[in-house]
Amino acid sequence: MRAAGARANRRRGEIEAVVDGERRILCLTLGALAELETAFAANDLTGLAERFSAGRLKAEDMIRIIGAGLRGGGNLYSDQDVAEASVDGGIAGFAAVVGELLIATFAEPQTEAGGSSLRPL
């Protein structure tokens, strides 16, 4: 578990989100990505990225992604805990957390021009 007051490091693919009223760090670590490959029956990271880039996620998908991200960030959250959690903005807030986490994981860091592009896997 992280020390209190720790901040997200975007270079490591970390983001911050307020879950159940507390600021949490989320990160799709290699272990978290392996967990998602299994959950989504993806053959590899490319298949996982393609699934996410389709932009059609079920609520259960968002629960799994946020749960894996929370665990990757050192938080003790089960998928059931995530399903019962609250985020400001409701479902739109959950979708924003998922989007930000996927971008932090699969997109190139911002360029000086301010753009980003997907990383090759």
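**Focus: the overall build of the protein**
For step 1, the next point in the chain: For the protein, the helix and strand inventory stands at five helices and two strands.
For step 2, the next point in the chain: The long-range share in the protein, meaning contacts at least 24 apart out of those at least 6 apart in sequence, stands at 48%.
For step 3, the next point in the chain: For the protein, the accessible area works out to roughly 7,100 Å², and carbon and sulfur atoms hold 53% of it.

**Observations regarding the confidence of the model for the protein**
For step 1, the next point in the chain: Mean pLDDT over the protein works out to 86, with 84% of the residues at or above the 70 mark.
For step 2, the next point in the chain: Across the protein, helix α4 (residues 79-83) holds the top mean pLDDT of 97, while helix α2 (residues 45-53) sits lowest at 88.
For step 3, the next point in the chain: When the criterion is pLDDT under 50, residues 116-121 qualifies, and its contacts beyond four places in sequence or with other chains add up to 19 contacts.

**Description of the packing of aromatic side chains**
Aromatic ring pairs are reported here in terms of the distance separating the ring centres and the angle at which the planes meet.
For step 1, the next point in the chain: Counted by the stated rule, this structure contains two aromatic pairs.
For step 2, the next point in the chain: Sitting above the plane of the Phe40 ring, Arg64 keeps its charged end 5.8 Å from the centroid.

**Describing α2**
For step 1, the next point in the chain: Within α2 the residues assigned to the buried category are Leu48, Ala49 and Phe52. Viewed end-on, α2 has its buried residues packed into an arc of 95°, placing them on one side of the element.
For step 2, the next point in the chain: Looking at the buried side of α2, the elements it contacts are α1 (30-39), α3 (59-72) and α5 (90-106).
For step 3, the next point in the chain: The backbone nitrogen of Thr46 has a side-chain oxygen 3.2 Å away, supplied by the residue at the start of α2, namely Asp44.
For step 4, the next point in the chain: After α2 finishes, the residue Gly55 shows a positive phi value of roughly 75°.

**Brief notes about the pairing of strand β1 (residues 14-19)**
Within a regular strand, side chains alternate between the sheet's two faces.
For step 1, the next point in the chain: Here β1 runs beside strand β2 (residues 22-27); their pairing, made up of six bridges, is antiparallel. When the bridges of β2 are listed, Ala17 appears paired with Arg24.
For step 2, the next point in the chain: The hairpin turn running from β1 into β2, its antiparallel successor, is two residues long, and Asp20 in that turn takes a positive phi close to 50°.

**Observations concerning the side chain of Arg24**
For step 1, the next point in the chain: You can see Arg24 is positioned in strand β2.
For step 2, the next point in the chain: By relative accessible area, Arg24 is classed as buried at 13%.

The rules behind these values
- Residues numbered from 1 in each chain as written.
- Predicted model: local features only at pLDDT ≥ 70, side-chain atom pairs only at ≥ 80, totals over all residues.
- Heavy atoms only, no water.
- Helix = DSSP H or I, 4+ residues; strand = E, 2+ residues; numbered from the N terminus.
- Contact = heavy atoms within 4.5 Å.
- Areas by Shrake-Rupley, 256 points an atom, 1.4 Å probe, with all protein chains shown as cover.
- pLDDT = per-residue confidence, 0-100.
- Phe/Tyr/Trp six-rings, centres within 6.5 Å; stacked < 30°, edge-to-face > 60°.
- Lys NZ or Arg CZ within 6 Å of the ring centre and 35° of its normal.
- Buried < 20%, exposed > 50% of the residue type's maximum accessible area, 1.4 Å probe, protein only.
- Arc of directions from axis to C-beta.
- Polar contact = N/O pair within 3.5 Å; in protein donor to acceptor, adjacent residues only side chain to side chain.
- Pairing = 2+ DSSP bridges.

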